[in-house]
Amino acid sequence: MGLGVGWTLHGDGRTPAPGAVVKPDERLSWPRTVGLGAQHVVAMFGASFVAPVLMGLDPNLAIMMSGVATVLFLLATRGRIPSYLGCSLSFVGVAAAIRAQGGGSAAVTGAILVVGGVLLLSGLAVRTFGARIIHAAMPPVVTGAVVMLIGFNLAPVTAGTYWPADQWTALLTMLLTGAAVVCLRGFWSRIAIFLGLVFGYAVSWVFDRVFGKIHSIDGSGRVTDHWRLDLSGVAKADWIGLPSLHGPTFHWSAVLVALPVVIALIAENAGHVKAVGEMIGDPLDDQLGTAIAADGAATMISTSVGGPANTTYSENIGVMAATRVYSTAAYWAAAGFALLFGLCPKFGAVVAAVPGGVLGGITVILYGMIGLLGAQIWVHNKVDLRNPLNLVPVAAGVIIGVGGVSLKIGHNFELGGIALGTIVVLLGYHVLRALAPAHLKQQEPLLDAGTSEYDDERPD
């Protein structure tokens, strides 16, 4: 079998034929393919750069490892699944929880590395035994609840850290980002977060010139007088250089906080594989295990040097749906651009200088969208929350996860937040299902119904 790096020219190499799509093993002319690769990098830019900043990790290393992860994914799937792997937002809450416990960046990346290993093993199990082992363990009612509590668990971070840094910049950034998501079409709607970042930068710069320094919480958590936009680090950064690397450390308390994210990552991959398969007219269910395993391997490689987890990006699915170009050659080009950006410390310094108020405005929408993806899973799979078998474990688990409820076990061990909420949902559902009367047990839809859908006929 080949590695999926040979492409035939589609038509005249300029645009897809009417009603046709450029399939993964096809390409347009190389200049157009390279341009599409750059477009994919821009599409994932907002979320994929916000995530490492929120997690306290090096954005330069994040973008570089996203390029490495994309190459690994394309090789593992032998070019059948066009996909860009960017920094996963699912771990932002995990990073915040680990740091709140006193852990540093090494503890964060160590916990995520273990999650990557579990994800790799899950993918290999799916390849061996089929996807139904996942469907049996994680039906949509469970998956939706875990995704929801992961997103909503982040609300205190926005409310207590980012929004207070500059409430008016946060408000304006939130309004602009929300308007861009709703009102813009096609490619521009896919980069709404990026547009919100640029707008927030501009507003912060103007407010500094008009109103002077602001008295609020700064990046170190202290309340001081400081500039909203501090670009001193950009001036000191080199144009060319390697990002900073560090090795992981492993702590059981951190690992337990991170493990529930495995469920969200499996759901993301399942939705991605199904959506892409439908759009290109080539069922890819046989590739689900490979995709999950490749995602896990890419995450392990990234975190082993201090980078974040990587996962498939819905923004890039949207770009493919809008352009009707599913060529993996474009993703190879995107990976090349990511590697080049990662070698520019000055570029990373610009990202790291994002003002707190800007992050406040963006995360209000972003964290809420992550949480509501869980509700979307329920709606898409017709989960009946009137059924107490579904309602009881979900209700308890979501409140525990969102509210930060904790359970102390002995003197030195404590479960809480995301970890405890996930355990309650997962074990609670299966235990109650074993005890419930027959009339409450309904056939659950399969997880691979997906977390989202994309209509390639949507007007742009």
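Cut-offs used in this document
- Residues numbered from 1 in each chain as written.
- Predicted model: local features only at pLDDT ≥ 70, side-chain atom pairs only at ≥ 80, totals over all residues.
- Heavy atoms only, no water.
- Helix = DSSP H or I, 4+ residues; strand = E, 2+ residues; numbered from the N terminus.
- Rg over C-alpha atoms; globule rule 2.2 N^0.38 Å.
- Buried < 20%, exposed > 50% of the residue type's maximum accessible area, 1.4 Å probe, protein only.
- Contact = heavy atoms within 4.5 Å.
- Areas by Shrake-Rupley, 256 points an atom, 1.4 Å probe, with all protein chains shown as cover.
- Lys, Arg positive; Asp, Glu negative; His and termini not counted.
- Charge placed at Lys NZ, Arg CZ, Asp CG, Glu CD.
- Core = buried A, V, L, I, M, F, W, Y, C linked by side-chain atoms within 4.5 Å.
- Phe/Tyr/Trp six-rings, centres within 6.5 Å; stacked < 30°, edge-to-face > 60°.
- pLDDT = per-residue confidence, 0-100.
- Salt bridge = Lys/Arg side-chain N within 4 Å of Asp/Glu carboxyl O.
- Axes fitted to C-alpha atoms, helices over the stretch in contact; angles between N-to-C directions.
- Parallel < 35°, antiparallel > 145°, perpendicular 65-115°, else oblique.
- Left-handed = near helix turned anticlockwise from the far one by under 90°.
- Nonpolar A, V, L, I, M, F, W, Y, C, P; charged D, E, K, R; others polar.
- Expected span 1.5 Å × (residues − 1).
- Arc of directions from axis to C-beta.
- Patch = residues over 30% accessible without salt bridge, like charges linked within 9 Å, V, L, I, M, F, W, Y side chains within 5 Å.
- Polar contact = N/O pair within 3.5 Å; in protein donor to acceptor, adjacent residues only side chain to side chain.

**Focus: the overall build of the protein**
The helix and strand tally for the protein stands at 20 helices and eight strands. Relative to its length of 460 residues, the protein is compact, with a C-alpha radius of gyration of 22 Å against a globular reference of 23 Å. Along the three orthogonal principal directions, the C-alpha set of the protein runs to about 70 × 65 × 40 Å. Taking all 460 residues of the protein together, 53% fall into the buried category. Partitioning the contacts of the protein with sequence separation of at least 6, the portion at a separation of at least 24 is 79%. Counting only carbon and sulfur atoms, one obtains 66% of the accessible surface of the protein, whose full area is about 19400 Å². Taken as two groups, the 25 positive and 26 negative side-chain charges of the protein have centres that lie 1 Å from each other.

**A closer look at the environment of Gly-4**
Within the secondary structure, Gly-4 sits in the segment before strand E1 (8–9). Judged by relative accessible area, Gly-4 falls into the partly exposed class, the value being 22%. Considered as a pair, Gly-4 and Thr-15 are 11 residues apart in the sequence and their alpha carbons are 22 Å apart. When residues no more than four places from it in sequence are discounted, the contact partners of Gly-4 are Arg-78, Gly-79, Thr-328 and Trp-332.

**Considering the nonpolar core**
Counting 97 residues, the largest nonpolar core has Met-55, Phe-91, Val-94 and Tyr-367 as its most contacted members. Take this core: its biggest share by element is 11 residues, from helix H13 (residues 261–280). Excluding residues that lie within four positions of it along the chain, Val-94 makes contacts with Val-257, Ala-258, Val-261 and Ile-418. Formed by five residues, the second largest nonpolar core is a distinct cluster that contains Val-22, Leu-36, Val-325 and Ala-330.

**Describing the packing of aromatic side chains**
Geometry of an aromatic ring pair is reported as the spacing of the ring centres plus the angle between the planes. Applying the stated criterion to the full structure yields two aromatic pairs. Relative to Trp-30, the ring of Trp-7 has its centre 5.9 Å away and its plane inclined at 85°; by these criteria the two rings are edge-to-face. One end of the pair, Trp-7, is in the segment before E1; the other, Trp-30, is in helix H1 (residues 30–55), with 23 residues separating them in the sequence. Taking 5.4 Å as the distance between ring centres and 75° as the angle between the ring planes, the aromatic pair formed by Phe-207 and Phe-211 counts as edge-to-face.

**A few points about the confidence of the model for the protein**
Averaged over all residues, the pLDDT of the protein equals 82, while 90% of them reach at least 70. Here residues 445–460 is modelled with pLDDT under 50, and outside its nearest four sequence neighbours on either side it reaches 47 contacts, counting other chains as well.

**Some words on the pattern of salt bridges**
As enumerated under the stated definition, the model contains four salt bridges in all. A salt bridge links Arg-80 to Asp-286; the nearest nitrogen and oxygen atoms lie 2.9 Å apart. Of this pair, Arg-80 sits in the loop between helix H2 (59–76) and strand E3 (85–87) while Asp-286 sits in the loop between H13 and helix H14 (288–304); the two residues are 206 residues apart in sequence, bridging distant segments of the chain. One connected set of salt bridges, linked through shared partners, spans Asp-166, Asp-208 and Arg-228.

**Focus: the packing of H2 against H14**
In the contact formed by H2 and H14, the axes pass within 9 Å of each other and the chain directions differ by 150°. In terms of orientation, H2 lies roughly antiparallel with respect to H14. Relative to H14, H2 is oriented so that their crossing is right-handed. Together, Met-65, Ala-69, Leu-72, Phe-73 and Ala-76 of H2 and Thr-290, Ala-291, Ala-294, Asp-295, Ala-297, Ala-298, Ile-301 and Ser-302 of H14 make up the contact between the two elements. Class assignment of the residues belonging to the contact of H2 with H14 gives a composition of 10 nonpolar, two polar and one charged.

**Some thoughts on helix H8 (residues 167–183)**
Here H8 contains 17 residues, and its C-alpha end-to-end distance of 24 Å stays within 8% of the 24 Å for a straight helix at 1.5 Å per residue. Listed in full, the buried residues belonging to H8 are Thr-169, Ala-170, Thr-173, Thr-177 and Ala-180. Here the buried residues of H8 occupy an arc of 100° about the axis, which is enough to place them on one side. Opposite its buried face, H8 presents the exposed residues Trp-168, Val-182 and Cys-183, each directed more than 90 degrees away.

**A few points about unusual backbone geometry**
The backbone phi angle of Arg-78 is positive, close to 55°, even though this residue is not glycine. Structurally, the position occupied by Arg-78 is in the loop between H2 and E3. Its identity is not glycine, yet Lys-382 carries a phi of approximately 55°, on the positive side. Considering the arrangement of structural elements, one finds Lys-382 in the loop between helix H18 (356–380) and helix H19 (388–403).

**Here we look at a nonpolar patch on the surface**
Taken together, the side chains of Trp-205, Val-206, Val-210 and Phe-211 make up a nonpolar region of the molecular surface, amounting to roughly 430 Å² of accessible area. Looking at where Val-210 falls in the secondary structure, it is placed in helix H10 (residues 192–211).

**Considering H13**
With 20 residues, H13 should cover 28 Å at 1.5 Å per step; its first-to-last C-alpha distance of 29 Å lies within 8% of that length. H13 sits mainly inside the fold: 17 of its 20 residues count as buried. Just beyond H13, the residue with positive phi is Gly-281, at close to 70°.

**Here we look at the side chain of Thr-33**
Mapped onto the fold, Thr-33 is located in helix H1. The buried category is assigned to Thr-33, whose relative accessible area is 2%. Only 3.2 Å separates the side chain of Thr-33 from the backbone oxygen of Leu-28, close enough to count as a polar contact. Ignoring any residue separated from it by four or fewer positions in sequence, one finds Thr-33 in contact with Arg-27, Leu-28, Ala-329, Ala-330 and Ala-333.

**Some words on the environment of Tyr-313**
Among the structural elements, Tyr-313 can be located in the loop between strand E6 (310–312) and helix H15 (314–323). In the structure, Tyr-313 is positioned 269 residues away from Met-44 in sequence and 7.1 Å away in space, judged by C-alpha atoms.

**Focus on the environment of Ile-240**
Structurally, Ile-240 is set in the loop between helix H11 (232–236) and helix H12 (252–258). Linking Ile-240 and Lys-346, residues 106 residues apart in sequence, is a C-alpha distance of 7.8 Å. For Ile-240, the contacting residues outside a window of four places in its chain are Leu-343 and Pro-345.

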